[in-house]
Amino acid sequence: MHSIDELLPCLKSSTYGHLLENLLATSSSRGLAIIYQLPTCNMSTGPGLESLVDQTISVITNDGRNIVGVLKGFDQATNIILDESHERVYSTKEGVQQLVLGLYIIRGDNISIVGELDEELDSSLDLSKLRAHPLKPVTH
């Protein structure tokens, strides 16, 4: 797992440099626990993710993955940067597995839903006893 400071030189030189600039320029503000259905259009015309920066969020991707992490930045294409992230893998036979991802970038066209995570409620759950079917991929 790497910190943002360790990855800054790599990110600045990559195609995600504009995401990094947005990450560094965005200030945090406390928002409501709202779930956004994200279109694949420019987010500047609709509800934004500004209020969720530096908050723990849950992202459900089009392929059915559930990724939890701290939102650090996003751009107009809804590409997002998560820090301290992990994927939650659900199973009907055993508890929820949490795969550590660390600093993670998710392409906007692969995001289905973004929502703020209630950390108090989440910490009270015993994920080792939780059973659920994995989500199926989104079909268009």
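Residues numbered from 1 in each chain as written. Predicted model: local features only at pLDDT ≥ 70, side-chain atom pairs only at ≥ 80, totals over all residues. Heavy atoms only, no water.

Going by what an unreviewed UniProt entry lists, the protein is known as U6 snRNA-associated Sm-like protein LSm8 and is assigned to Vitis vinifera. Under the UniProt heading Sequence similarities (unreviewed entry), the entry covering the protein gives this text: "Belongs to the snRNP Sm proteins family." According to its UniProt record, the protein has this under Subcellular location (unreviewed entry): "Nucleus". (UniProt positions renumbered as here; feature names shortened; annotations may be inferred.)

Bringing the overall build of the protein into the picture now. A tally of helices and strands in the protein yields 3 helices and 6 strands. Start at the N end of the protein and walk to the C end: the helices and strands fall as α-α-β-β-β-β-β-β-α. Sorting the 140 residues of the protein into buried and exposed places 41% on the buried side. When contacts within the protein are restricted to residue pairs at least 6 apart in sequence, long-range pairs at least 24 apart make up 59% of them. (Helix = DSSP H or I, 4+ residues; strand = E, 2+ residues; numbered from the N terminus. Buried < 20%, exposed > 50% of the residue type's maximum accessible area, 1.4 Å probe, protein only. Contact = heavy atoms within 4.5 Å.)

This part takes up the nonpolar core. Across soluble globular proteins, nonpolar side chains show a tendency to be buried alongside one another. In this structure, Ile-57, Val-59, Leu-71, Ile-80 and Leu-82 are the most contacted members of the largest nonpolar core, which totals 13 residues. Elements that contribute at least two residues to this core include exactly β2 (56-61), β3 (66-74), β4 (80-89) and β6 (111-116). The element contributing the most residues to this core is β3, with 3 residues. Sequence-distant contacts of Leu-71, that is, excluding residues within four places in its chain, are made with Leu-49, Leu-52, Val-53, Asp-54, Gln-55, Ile-57, Ile-80, Ile-81 and Leu-82. (Core = buried A, V, L, I, M, F, W, Y, C linked by side-chain atoms within 4.5 Å.)

What follows covers the pairing of β2. Along β2, 5 of the 6 residues are buried, which leaves the element largely enclosed by surrounding structure. Relative to β3, β2 is paired through 5 bridges, and the arrangement is antiparallel. Considered in β3, the bridge of Val-59 is made with Ile-67. Where β2 folds back on β3, the antiparallel hairpin that results is connected by 4 residues, among which Gly-64 adopts a positive phi of roughly 90 degrees. Here β2 runs beside β6; their pairing, made up of 5 bridges, is antiparallel. Looking at the pairing, Ser-58 lines up with Gly-115 of β6. (Pairing = 2+ DSSP bridges.)

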